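Working through the structure, step by step
Residues per chain, in single letters:
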Amino acid sequence: MAKMTFETALKQLEEIVAQLESGNLPLEEALKKFEEGTKLSKFCSQKLEETEKRIMMLTRQADGEVTETPFEA
Amino acid sequence: MQTHIYTVTELTQNIKDLLEETFPILWISGEISNLSRPASGHFYFTLKDEKAQIRAVLFKGQARNLSFRLEDGLTIVGMGRISVYAPQGQYQVIFETIEPKGRGALQLAFEQLKAKLAQEGLFDPSHKKPLPYLPRRVCIVTSPTGAVIHDMIQIMGRRCPTVPIQIIPVRVQGQGAEVEIAAALELANRRDEADVLVIARGGGSLEDLQPFNTETLARAIHASRIPVVSAVGHETDYTIADFVADIRAPTPSAAAELIVPERESLKTALFNLERRARTGIERTIAQLMQRLKSLDERLASPRKRFLTDRLLAIDDLHIRSVRALDRILAFSRERLRHYERTLSAYHPRRWIQYHRVQLERFDREMNAYMHKIIDDKRYFLRRLEATLTALSPLAILERGYSITQTIPDQHIVLSADTIVPDDRVSVRLFRGSLICRVERTLHGQDDV
């Protein structure tokens, strides 16, 4: 899940839900899918809750170096 | 008064003075034709209307200030002066500045650039990159002061407060602004932290938006690996940047709405998905439990299971036997049909018919043969009968002979020696017989 984006996770989650809803899965697989779905859901939730220094400004200094400073609106 | 005779140079100089002093500055309008631009970089063309034409030139230095491209057929208004070129004896307009007639120079430049880039394929939908659903980080290239960035931050914060925002401050109007913006795009691509780029600027005049109508910026947007949203001006303002960008947002505020999803609705969607997943797995488990239960029941009652199994076995056997019978029947029926067909090929009717014909033929032949034999035999018999008749003693008797026989021995008497007198003999005649008594016997041949 290192490179997973919110979108792909959401898409996978949707697929898994559809499979679980079909009721055709053997128990083992259903449980595996459910577990996977739970993970994806958690991942998506985390993505939505993630907080970090939100607004930064990139400026190029006179010496050409780019610096990052918090932006105050 | 003596007539003055001019030299060519003298006259030309006079004309030159006259013309150049009379028209030190003039405005002229006409249509460009025969446009050429030699290696010198100066523009040479003919300016014409319906009835006349005049040579014209725009030097490289002045041409540099032009925002649009000169081209044949273009009707222009320009300011310049008349110049006479003595070595060629030609006069021409030397333009200081030229503007397209009827519309603004910027407007024309816009249209010319748009046509050029469109032809190069910079606006092709195939180049358009999709925006991420939930951006990792949004990079906004805009002026760090003013309402635009403020509004965008507010809207994005309201919709999804967790998406990080990166701002690259640039000038968004004035000479060289496009270079700054292009550099900002390049910087964002190099750092590769954001997965969506927004170029934002509030509304303004066509002149104000000029940096967004430059080829420099157009190419920088086109080169960006990160999807670019253009959010320049008002809803009605279209810039070249809008055409090249992956998505055009009508306004910066609209761009803010476009690039980040509403977190609350995503949360709701996620919650619904979770609920559905749970319902799904619960139903799967319930179904499996049900099956387990029924298996369990069968397991718990071996007698019942035994019976059930037997019943099933009987049913199965029944079905199988019926099927087998059906198969055998079908097979036998088929064989029967085969034999019937074979049999009818050997039906006795044919045989009888054949043999009857044979028989009849034999019969006929045999009859004919028999008749012939009978006839032959009959004929033979007749002849035998005739012979017999001829030989018969009776026939002799008919001729008067008679047969003497002893009594009672009935020996035929051939010699008188065998008889003595008083012997009784019978004499057979042609008709009837005589019983006689011998008187005497005579033994000589001729004694009769």
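Being a predicted model, the structure only gives us computed values, none of them experimental. (Residues numbered from 1 in each chain as written. Chains lettered and ligands numbered in written order. Predicted model: local features only at pLDDT ≥ 70, side-chain atom pairs only at ≥ 80, totals over all residues.)

**Here we look at the overall build of chain B**
Along its length, chain B carries 12 helices and 13 strands. A total of 448 residues make up chain B; the buried ones form 21% of that total. Across chain B, every contact between residues at least 6 apart in sequence was considered, and the portion connecting residues at least 24 apart equals 62%. (Helix = DSSP H or I, 4+ residues; strand = E, 2+ residues; numbered from the N terminus. Buried ≥ 20, exposed ≤ 12 C-beta atoms within 10 Å, placed from the backbone. Contact = placed C-beta atoms within 7 Å.)

**Observations regarding the overall build of chain A**
Within chain A, the secondary structure is distributed over two helices and two strands. Overall, chain A shows an N-to-C arrangement of helices and strands of α-α-β-β. When contacts within chain A are restricted to residue pairs at least 6 apart in sequence, long-range pairs at least 24 apart make up 34% of them.

**Concerning helix α1 (residues 6-22) of chain A**
Residue and element names in this part refer to chain A. Here α1 is 17 residues long and its end C-alpha atoms lie 24 Å apart, about the 24 Å a rise of 1.5 Å per residue gives. Those residues of α1 lying buried are F6, A9, L10, L13, I16, V17 and L20. Buried residues of α1, seen end-on, are gathered within an arc of 125° and therefore sit on one face of the element. Looking one or two residues past α1, G23 carries a phi angle of roughly 75°, positive in sign. (Expected span 1.5 Å × (residues − 1). Arc of directions from axis to C-beta.)

**Section: the pairing of strand β12 (residues 424-428) of chain B**
The pairing of strand β11 (residues 403-406) of chain B with β12(B) spans four bridges and is classified as antiparallel. Looking across to β12(B), one finds that B:I403 is bridged to B:R428. (Pairing = 2+ DSSP bridges.)

**Here's the deal with the sheet that holds β11(B)**
All names here are of chain B. Taken together, three strands build an open sheet; the order of strands is β11-β12-β13 and the sheet is antiparallel. Two strands close off the open sheet at either side, each with one partner strand: β11 and β13 (433-437). Between one strand axis and the next, the sheet turns by 30° as a mean value, whatever way the strands run. (Axes fitted to C-alpha atoms, helices over the stretch in contact; angles between N-to-C directions.)

**A few points about the interface of chain A and chain B**
Facing 33 residues of chain A, the contacting portion of chain B comprises 29 residues. In terms of residues, the side of chain A that touches chain B owes the most to one element, helix α2 (residues 27-49) of chain A, which gives 10 residues. Broken down by class, the residue content of the side of chain A that touches chain B amounts to 18 nonpolar, seven polar and eight charged. Taken together, the three bridges between strand β1 (residues 55-60) of chain A and strand β7 (residues 165-169) of chain B define a ladder with parallel strand orientation. For A:M56, the partnering residue across the bridge sits in β7(B) and is B:Q166. (Nonpolar A, V, L, I, M, F, W, Y, C, P; charged D, E, K, R; others polar.)

**Some points on the sheet that holds strand β1 (residues 26-36) of chain B**
Residues and elements named next belong to chain B. Strand order in this closed barrel of five strands is β1-β2-β3-β5-β4, and the pairing throughout is mixed. On average, each strand axis in the sheet is tilted by 55° relative to the strand beside it, whichever way the strands run. Relative to strand β4 (residues 75-85), β1 is paired through six bridges, and the arrangement is antiparallel. Among the inter-strand pairings, L26 is bridged to a residue of β4, identified as G80.

**Section: α2(A)**
With 23 residues, α2(A) ought to run about 33 Å at 1.5 Å a step, and its terminal C-alpha atoms sit 32 Å apart, in line with that. Taken as a whole, α2(A) has its buried residues at A:A30, A:K33, A:F34, A:G37, A:L40, A:S41, A:C44 and A:K47.

**Remarks on the nonpolar core**
One broad trend across soluble globular proteins is that nonpolar side chains are buried collectively. Ranked by size, the top nonpolar core spans 51 residues in total, and within it B:V138, B:V141, B:L197 and B:V198 carry the most contacts. With six residues, helix α5 (residues 177-191) of chain B is the largest single contributor of residues to this core. With residues near it in sequence (within four places) discarded, B:L197 still touches B:C139, B:V141, B:L185, B:A188, B:S224, B:I226, B:P227, B:V228 and B:V229. Core analysis: the second largest hydrophobic core is formed by 17 residues, A:L13, A:C44, B:L273 and B:A277 among them. (Core = buried A, V, L, I, M, F, W, Y, C linked by C-beta atoms within 7 Å.)

**Looking at unusual backbone geometry**
All names here are of chain B. The omega torsion of the bond from I407 to P408 falls at 5°, within 30 degrees of zero and hence cis. With respect to the helices and strands, the residue P408 is situated in the loop between β11 and β12. Backbone geometry at D192 places phi at a positive 55°, although glycine is not the residue there. You can see D192 is positioned in the loop between α5 and β8 (196-201). A positive phi angle, near 75°, is found at D422, a position not held by glycine. Inspection of the secondary structure puts D422 in the loop between β11 and β12. The exposed category is assigned to D422, around which 9 C-beta atoms lie within 10 Å.

**Thoughts on the confidence of the model for chain B**
Chain-level statistics for chain B give a pLDDT mean of 86 and a share of 94% at 70 or above. Taken over the whole predicted complex, pTM reads 0.56, whereas the ipTM for its chain interfaces reads 0.76. (pLDDT = per-residue confidence, 0-100.)

**What about the packing of α1(A) against α2(A)?**
All names here are of chain A. Viewed as axis vectors pointing N to C, α1 and α2 meet at an angle of 150°, and their least axial separation amounts to 9 Å. Classified by the angle their axes make, α1 and α2 are roughly antiparallel. Our pair here, α1 against α2, has a crossing hand that is left-handed. Every residue of α2 that contacts α1 at F6, A9, L10, Q12, L13, I16, V17, Q19 and L20 is listed here: A30, K33, F34, E36, G37, L40, S41, F43, C44 and K47. Here the residues of the contact of α1 with α2 are counted per class, giving 12 nonpolar, four polar and three charged. (Parallel < 35°, antiparallel > 145°, perpendicular 65-115°, else oblique. Left-handed = near helix turned anticlockwise from the far one by under 90°.)

**Some points on the packing of α5(B) against helix α6 (residues 215-223) of chain B**
All names here are of chain B. Where α5 contacts α6, the axes come no closer than 8 Å and their chain directions differ by 10°. As the angle between them shows, α5 and α6 are arranged roughly parallel. Each of E178, V179, I181, A182, L185 and E186 in α5 lies in contact with α6, whose residues at this interface are T216, L217, A220 and I221. Each residue belonging to the contact of α5 with α6 can be placed in one class, and the counts come to seven nonpolar, one polar and two charged.

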